[in-house]
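Results of the structural survey
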Amino acid sequence: MHGFGVYEFGNGHRYEGAWHEGRRQGLGMYTFRNGETQAGHWEDGVLSCPTEQTTRHGSSFSISHSKVLDTVQQARKAAEKAHEVVKVEERVNRAVMVANRAANAARVAATKAVQTQTFYRSSGDDPV
């Protein structure tokens, strides 16, 4: 996983936000199955700076909760688009499969027609 995205864990938890090489990295929101959330900046899979919190160094640096929510919305949209692409790919693959079957059926019919024509010519019975 890399970039923005949504991941639903098997235990019912969900992460929406930025990923880097399979780990939560950047702005994102983790939602537990009970509905509680942790949002903010993630580093190497760990929430390093929760929204509206003071950092360890005593500075007043904080991350706006609305900025995280905007990022999560972008991740949701990206996930929806990716899901739609999969649906389109499935439809295209089905259409290609049907077209291949039709082409094979046409080849078989053409081969049989040629064989039938050859059979009648060689036997001297020319049905007209």
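Residues numbered from 1 in each chain as written. Predicted model: local features only at pLDDT ≥ 70, side-chain atom pairs only at ≥ 80, totals over all residues. Heavy atoms only, no water.

Under the definition given, this model contains four salt bridges. The partner of Glu16 in a salt bridge is Arg14, with the nearest N and O atoms 3.3 Å apart. Residue Glu90 pairs with Arg94 through a salt bridge whose shortest N-O separation is 4.0 Å. You can see Glu90 and its partner Arg94 sitting in helix 1 (residues 65-123), four residues apart, about one turn around the helix. On the basis of relative accessibility, which here comes to 41%, the residue Glu90 falls in the partly exposed class. Bridged by salt links that share partners, the residues Glu8, Arg14 and Glu16 form one connected network. (Salt bridge = Lys/Arg side-chain N within 4 Å of Asp/Glu carboxyl O. Helix = DSSP H or I, 4+ residues; strand = E, 2+ residues; numbered from the N terminus. Buried < 20%, exposed > 50% of the residue type's maximum accessible area, 1.4 Å probe, protein only.)

This part covers the nonpolar core. Counting seven residues, the largest nonpolar core is built from Leu27, Met29, Ala39, Cys49, Ile63, Val68 and Val72. Mapped onto this core, the elements with two or more residues apiece are strand 3 (23-31) and helix 1. (Core = buried A, V, L, I, M, F, W, Y, C linked by side-chain atoms within 4.5 Å.)

It is worth spelling out the side chain of Arg24 at this point. If you trace the backbone, Arg24 turns up in strand 3. Although Arg24 lies buried, it forms no salt bridge, and the closest oppositely charged side chain, Asp44, sits 9.6 Å away as judged by the N-O distance. (Lys, Arg positive; Asp, Glu negative; His and termini not counted.)

Now for the environment of Ser48. The residue Ser48 is located in strand 5 (residues 46-50) in this model. Given a relative accessible area of 26%, Ser48 falls into the partly exposed group. Considering only alpha carbons, one finds Ser48 and Gly26, 22 residues apart in sequence, at a separation of 9.4 Å. Discounting residues that sit within four places of it in the chain, Ser48 has contacts with His41, Trp42 and Glu43. At 3.4 Å, the side chain of Ser48 forms a polar contact with the side chain of Glu43. (Contact = heavy atoms within 4.5 Å. Polar contact = N/O pair within 3.5 Å; in protein donor to acceptor, adjacent residues only side chain to side chain.)

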